[in-house]
Amino acid sequence: AHVMFRRSRIDLAENICLKRLNEDFDDVDALYLLGIIFIQRHQIGLAAELFAKGVQLAPGRFDMWNNLGNCYKAINKDEESKACWEKALNIPGRKPLDYADLWNNFATSFVNVGNPKGGLPYIQKSLELVPEHGEAKWNLALMELEQGHYEKGFGLYGSGFKTKNRLFRNYGDSVLVW
């Protein structure tokens, strides 16, 4: 399923995951990959259910907690999303980029409720870990613009596009985010 997913054969990857889950619904890797597929298809509720099952089975899976939090954020369950990201932050041994993604997620949750200033400390933590974090730079730009700091905001906004697009990363060692 992972090979088919990486080759953009999403339907085939989905079928393999479904077959595997029909045999063993506790297959955490199949739950995770199918959750990612559902996210890509904008079936966020289904993805959230799969990630929720996954964190029950494997509470130490950083990627499960992060993506469950992202699903909750997408359906406006802000407190649930923050709780998931807190769990992920407490899982040791990840790459700085993974933690930077989480701090960026926290920051965007403040923007979503009209409090861009409240998100600034979280964006700063993200950028301390990964100074060229494109999504964090872009979100910092939005926060500055929302506060009326137009020159700074537009300057940052442009710099975010100079970094590599990381909305989709390799499955496996890294965390998939959208």
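Quick caveat, the model's predicted, so the values are computed rather than measured.

What about the overall build of the protein?
- When helices and strands are counted, the protein shows ten helices and zero strands.
- In sequence order, the protein lays out its α and β elements as α-α-α-α-α-α-α-α-α-α.
- A burial count over the protein gives 52% of its 178 residues as buried.
- Within the protein, counting contacts between residues at least 6 apart in sequence, those at least 24 apart form 50% of the total.

Quick look at the pattern of salt bridges
- Applying the stated rule across the entire model yields eleven salt bridges.
- Among the salt bridges present, the one from Asp98 reaches Arg94, with a minimum N-O distance of 3.0 Å.
- Assessed through its relative accessible area of 0%, Asp98 is described here as buried.

Things to note about helix α6 (residues 78-89)
- Look at α6: 16 Å from first C-alpha to last across twelve residues, which is about the 16 Å you get at 1.5 Å a residue.
- Listing the buried residues of α6 in full gives Asp78, Ser81, Cys84, Trp85, Ala88 and Leu89. Projection of α6 onto a plane perpendicular to its axis shows the buried side chains occupying an angular sector of 140°, all on one side.
- Structurally, α6 contributes buried residues whose contacts are with α5 (62-74) and α7 (96-112).

Structural notes on the environment of Leu33
- Topologically, Leu33 is positioned in helix α3 (residues 28-40).
- For the pair formed by Leu33 and His2, sequence separation is 31 residues and the distance between their alpha carbons is 7.6 Å.

With respect to the nonpolar core
- In this structure, Phe51 and Leu68 are the most contacted members of the largest nonpolar core, which totals 38 residues.
- When residues of this core are traced back to their parent elements, those giving at least two are α1 (2-6), α2 (10-23), α3, α4 (44-57), α5, α6 and α7.
- No other element matches α3, which puts ten residues into this core.
- Within the second largest apolar cluster, ten residues are counted, among which are Leu120, Leu127, Met143 and Leu156.

A word on the packing of aromatic side chains
- Taken as a whole and assessed by the stated rule, the structure comprises seven aromatic pairs.
- For the pair Phe106 and Tyr122, a centre-to-centre distance of 5.7 Å together with 25° between the ring planes defines the contact as stacked. With Phe106 in helix α7 and Tyr122 in helix α8 (residues 116-129), the pair connects residues that are 16 residues apart, well separated along the chain.
- Seen in terms of ring centroids, Phe110 and Tyr122 are 5.2 Å apart; in terms of plane orientation they differ by 20°. Their pairing is stacked. Within this pair, whereas Phe110 is found in helix α7, its partner Tyr122 is found in helix α8, the two being separated by twelve residues in sequence.
- The exposure class assigned to Tyr122 is partly exposed, which follows from its relative accessible area of 24%.
- Counting every residue linked through ring pairs, the aromatic cluster contains Trp85, Trp103, Phe106, Phe110 and Tyr122.
- Between Lys82 and the ring centre of Phe110, over which it is positioned, the NZ or CZ distance is 4.8 Å.
- Between the NZ or CZ atom of Lys125 and the centre of the ring of Trp103, over which it lies, the distance is 4.2 Å.

Notes on the confidence of the model for the protein
- For the protein, mean pLDDT is 86; residues scoring 70 or higher make up 88% of the total.
- Summarising per-element confidence for the protein, the mean pLDDT is lowest in α1 (72) and highest in α4 (97).
- Throughout residues 161-178 the model reports pLDDT below 50, and contacts reaching past four residues in sequence, or to other chains, amount to 54 contacts.

Reading the values: the criteria
Residues numbered from 1 in each chain as written. Predicted model: local features only at pLDDT ≥ 70, side-chain atom pairs only at ≥ 80, totals over all residues. Heavy atoms only, no water. Helix = DSSP H or I, 4+ residues; strand = E, 2+ residues; numbered from the N terminus. Buried < 20%, exposed > 50% of the residue type's maximum accessible area, 1.4 Å probe, protein only. Contact = heavy atoms within 4.5 Å. Salt bridge = Lys/Arg side-chain N within 4 Å of Asp/Glu carboxyl O. Expected span 1.5 Å × (residues − 1). Arc of directions from axis to C-beta. Core = buried A, V, L, I, M, F, W, Y, C linked by side-chain atoms within 4.5 Å. Phe/Tyr/Trp six-rings, centres within 6.5 Å; stacked < 30°, edge-to-face > 60°. Lys NZ or Arg CZ within 6 Å of the ring centre and 35° of its normal. pLDDT = per-residue confidence, 0-100.

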